Amino acid sequence: MDFMVFQYPMISVQACLDGILLGILFALIAYGMALQWGVMNIINIAQGDLVILGGYIAYFMYLYGIHPAWGVVVSPIIMFFVGIAIYKLVINKVVDRDLFISILATFGISILFMQLMNFAFGADVVLANSDYGTTMLFNSNVVLPNSKIFSAFISILFAICLVIYMKKSKLGRAIRATAQNARAAKILGVDTEKVYAATFGINAALCGVAGALISITFTIHPYMGLPYTIRSFMIVIVAGLGNLPGVAMSGMGLGVFEEFADYILGTEFRIGSVFLLLVLILVYRRFKLSRKREYLK
Amino acid sequence: MNRNNLILYIGILIFGIAAPFIFPAFKVQLSILCVLIVLATTWNIQGGEMGYNSFGNILFYGLGMYLCASVQVGMFFPLAEWTESGGEKTFVHTPAQFFQGMAVGLIVAAVVPTIVAGLIGYSILGLRGHYFAICTLGLGVAAGEISGGIEIIGAGQGFTTPPFPDVGSLDSRGEFFYFLSFFVLVLTFITVRVIYSTRFKLILNAIRDNEDKAEAMGIETMKYKIVGWMISAFFCGLAGGIMGGLVGYIDSTDVAFDGREMGVFMVLMAILGGKGTLWGPIIGATVFHIFKEGFWTFFLGWQYVALGVLIVVIVIYFPEGIMGWLREKYPERFGEVVDEKDRKAQVELK
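Residues numbered from 1 in each chain as written. Chains lettered and ligands numbered in written order. Predicted model: local features only at pLDDT ≥ 70, side-chain atom pairs only at ≥ 80, totals over all residues.

Chemist: Tell me about the overall build of chain B, residues and numbers included.
Modeler: A tally of helices and strands in chain B yields 16 helices and two strands. Since a compact globule built from 350 residues should have a radius of gyration of about 20 Å, the 21 Å found for chain B is in line with a globular shape. Relative to its 350 residues, chain B shows a buried fraction of 45%. Long-range pairs, those at least 24 residues apart, make up 81% of the contacts in chain B between residues at least 6 apart in sequence. (Helix = DSSP H or I, 4+ residues; strand = E, 2+ residues; numbered from the N terminus. Rg over C-alpha atoms; globule rule 2.2 N^0.38 Å. Buried ≥ 20, exposed ≤ 12 C-beta atoms within 10 Å, placed from the backbone. Contact = placed C-beta atoms within 7 Å.)

Chemist: Give me the lowdown on the overall build of chain A, citing residues and values where you can.
Modeler: Of regular secondary structure, chain A possesses twelve helices and two strands. Against the compact-globule benchmark of 19 Å for 297 residues, chain A has a radius of gyration of 20 Å, which places it among compact chains. Viewed in the frame of its principal axes, chain A has a C-alpha envelope of about 65 × 60 × 35 Å. Classification of the 297 residues of chain A by burial places 49% in the buried group.

Chemist: Can you explain the interface of chain B and chain A? Please cite residues and give values.
Modeler: The interface is formed by 31 residues belonging to chain B together with 32 residues belonging to chain A. Of all the elements, helix α6 (residues 129-147) of chain B adds the most residues to the side of chain B that touches chain A, at twelve residues. Among the residues making up the side of chain B that touches chain A, the classes are represented as 21 nonpolar, eight polar and two charged. (Nonpolar A, V, L, I, M, F, W, Y, C, P; charged D, E, K, R; others polar.)

Chemist: Requested: an account of the confidence of the model for chain A, with residues and values cited.
Modeler: Considering every residue of chain A, the mean pLDDT works out to 83; 94% of them sit at 70 or more. Ranking the elements of chain A by mean pLDDT puts helix α1 (residues 4-7) of chain A last, at 65, and helix α9 (residues 192-217) of chain A first, at 89. (pLDDT = per-residue confidence, 0-100.)

Chemist: Explain the environment of glutamine 36 of chain A to me, and be specific about the residues and the numbers.
Modeler: All names here are of chain A. With respect to the helices and strands, the residue glutamine 36 is situated in helix α2 (residues 9-40). The class of glutamine 36 is buried, set by 25 C-beta atoms lying within 10 Å. Measuring from C-alpha to C-alpha, the distance between glutamine 36 and leucine 241 comes to 9.9 Å, with 205 residues separating the pair along the chain. Apart from residues lying up to four places away in sequence, glutamine 36 is in contact with Ile42, Asn44, Thr199, Phe200 and Asn203.

Chemist: Describe the nonpolar core, naming the residues involved and giving the relevant values.
Modeler: Grouped together as the largest cluster of nonpolar side chains are 185 residues, with contacts concentrated most on Ile29 of chain A together with Ala239 and Ile311 of chain B. Residues contacting isoleucine 311 of chain B, with those up to four places away along its chain left out, are Leu104, Phe107, Gly108 and Ile111 of chain A together with Val264 and Leu268 of chain B. (Core = buried A, V, L, I, M, F, W, Y, C linked by C-beta atoms within 7 Å.)

Chemist: Help me get a handle on the packing of helix α10 (residues 225-239) of chain A against helix α11 (residues 244-265) of chain A, residues and values and all.
Modeler: Geometrically, a packed helix pair is captured by the angle between its two axes and the distance between the axes. Residue and element names in this part refer to chain A. At a minimum axis separation of 9 Å, α10 and α11 run at an interaxial angle of 130°. Here α11 runs oblique to α10, going by the angle between their axes. α10 and α11 meet at a crossing whose hand is right-handed. Counted together, Arg231, Met234, Ile235, Val238 and Ala239 of α10 and Gly246, Val247, Ser250, Gly251 and Leu254 of α11 form the full contact between these two elements. (Axes fitted to C-alpha atoms, helices over the stretch in contact; angles between N-to-C directions. Parallel < 35°, antiparallel > 145°, perpendicular 65-115°, else oblique. Left-handed = near helix turned anticlockwise from the far one by under 90°.)

Chemist: If you had to explain helix α10 (residues 221-247) of chain B to someone new, which residues and values would you point to?
Modeler: All names here are of chain B. Taking 1.5 Å of rise per residue, the 27 residues of α10 would be expected to cover 39 Å, and the 38 Å separating its terminal C-alpha atoms lies within 8% of that figure. Within α10, 19 of the 27 residues are buried, leaving the element largely enclosed by the surrounding structure. One or two residues past the end of α10 sits glycine 248, with phi positive at roughly 90°. (Expected span 1.5 Å × (residues − 1).)

Chemist: Could you give an account of the packing of helix α7 (residues 172-196) of chain B against α10 of chain B, naming the residues involved and the relevant values?
Modeler: Residue and element names in this part refer to chain B. The geometry of α7 relative to α10 is characterised by a closest axis approach of 10 Å and an angle of 170° between their N-to-C directions. Considering their axes alone, α7 and α10 lie roughly antiparallel with respect to each other. Along its contact with α7, which presents Phe177, Leu180, Ser181, Val184, Thr188 and Thr191, the element α10 presents Ile231, Phe235, Leu238, Ala239, Ile242, Gly245 and Leu246. In terms of residue class, the contact of α7 with α10 is built from nine nonpolar, four polar and no charged.

Chemist: Report on unusual backbone geometry, specifying residues and quantitative values.
Modeler: Residue and element names in this part refer to chain A. Although it is not a glycine, asparagine 41 sits at a positive phi angle of roughly 60°. Mapped onto the secondary structure, asparagine 41 falls in the loop between α2 and α3 (47-63). For asparagine 41, a count of 16 C-beta atoms within 10 Å corresponds to the partly exposed category.

Chemist: A description of helix α7 (residues 170-180) of chain A should follow, citing residues and the corresponding values.
Modeler: Residue and element names in this part refer to chain A. Of all the residues in α7, the buried ones are Ala174, Ile175, Thr178 and Ala179. Each buried residue of α7 sits inside an arc of 135° when the element is viewed along its axis, so together they form one side. Of the exposed residues in α7, those oriented more than 90 degrees away from the buried face are Lys170 and Gln180. As for α7, its buried residues are in contact with α2, α6 (146-168), α8 (182-187) and α9. (Arc of directions from axis to C-beta.)

Chemist: Would you mind going over the environment of cysteine 68 of chain B in detail, with residue names and values included?
Modeler: All names here are of chain B. Here cysteine 68 lies in helix α3 (residues 57-74). Judged by local crowding, cysteine 68 falls into the buried class, with 30 C-beta atoms found within 10 Å. A sequence separation of 173 residues divides cysteine 68 from glycine 241, and the C-alpha atoms of the two residues are 5.1 Å apart.

Chemist: How would you explain the environment of methionine 230 of chain B if you had to name every residue and give the values?
Modeler: Residue and element names in this part refer to chain B. With respect to the helices, strands and loops of the structure, methionine 230 is situated in helix α10. Given 18 C-beta atoms within a 10 Å radius, methionine 230 is considered partly exposed. Residues methionine 230 and glycine 16, 214 residues apart in the sequence, show an inter-C-alpha distance of 27 Å. Setting aside residues no more than four positions away along its own chain, methionine 230 makes contact with Thr114, Ala117 and Gly118.

Chemist: Break down the confidence of the model for chain B for me, citing the residues and quoting the values.
Modeler: Residues and elements named next belong to chain B. Considering every residue of chain B, the mean pLDDT works out to 82; 91% of them sit at 70 or more. Looking over chain B, one finds the lowest element-wise mean pLDDT in helix α16 (residues 340-349), namely 66, and the highest in α10, namely 89. Under the prediction, the complex receives an ipTM of 0.82, its pTM being 0.85.

Dropping the structure here:
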């Protein structure tokens, strides 16, 4: 336990800003999860592994001498097709089945991806260096890497583009209609199979963007996927499906929580605290709901 | 229990006792098989009978593993120095100390997880469906991450369990662990067999089929859910304690709270065998273990890839499991009356 955060206010400011910038990234991943959950009723445990795979695409571009920021453009395109492939091979067989089946099937995909990435890219922690430098704030008491600001900016940009696309385009309307009532949408001539594939593809593309940004700002490792899945799941259940401002807010909240947990408990308990927070949130939710049920009685 | 069943059970019991002498080279594998069957059978109480798909039974398994080893060491030597020195180099258990420690350790390893299950049960088992699944997944991983940061039980560098003492013959270690795990297996089977023949099982099935209705019928579902989970925790803890001694080394995320391996295995074995049946998890665990040991060597290094593919294939194409398949093929053997006319009508409808 280390309470230095509270004695030096500048460290708190640093933690808050870091957390918010990190949280925007989490919110982007969570948005993808909310999308597929709302439309296809699927909880994708492999979400985090798609993120890491997207990160490795950017990292490889960096290795071949291309600036990793271009990964933000290339990675979603590749990931879109990876997503469609996963949908065609596995997900379309579990869409209208029990939710647990989808959890277990995507858990299998997650293990598969984890190990394939481990073979392909090695078990080292890697980072695509962007050379963006840093920004000093408050008499250089707070140091923010420009790459973090860049990643938050790009995440917001992609989120806004996606929201506009969902509102205006034909496919976006079809996706929203399917989310509301798949059967009715089918009757009215929406090809739901295609909509599902597109949704999963878009989700994978979002993961690709987030992964590319993570490889620039933080580090990636083949086994780091599951925490991202859990974070996005947590954000979605706190915010609710289809509540974008809520997703953004709870994403930032989670980011700030993590930074403070990192300072207070120590880095080795960071991931543990995320998972513990998930359990606490679910238990809180359960008691809140049960009170409502009693009230209804 | 009719006569045929009795003969079958006695036959299996005799085979179980004779197995280490028939296959002396596979003692360790047989003990692991026993542990796997225990895990799958107890998972089936939640996942199969109660409809609560838990990824979190690994929590009790890992807890039991750490507790048993800590008690075994802590009873005679300072625990912190043991883990720091990497174990056996400085301190040596005499045979009497080892067995005493193991006995007390196993009792603690069974009792504490049961209490933990009872304490957290009220909050966790109130969750439904996928929220329960994800929450228990989080519990297992959180336990692994947190125990990986605690110094006294070895933190990141792991915990060497006391080595088996020198009691004369070389085979005694394998035999000791085999009979210990076989004993736990028999205990588990008897417990499960007994509770499946009582009203308790019917209540669990009622919870699976429609929990709200069961509650409306006046069943205190929460009480039964917690008791079911405590039974699982008891045997998972025991299995973990034995496995810790058998493996000889405990690591927080790779051995004890190994959600990626053991945590998935128990779900997979139960589904492969057929969840919601008495024999399903046992058959599933046996088939899975034979497959794993037989083919893992061919996939050396690729075993997790194979595991991932296996999970997807079983879940998508084989969700009813072996028992479910047998049931569909030979319904008469399961005591179901098949009306030929009715079946033909259904076939025609399709």
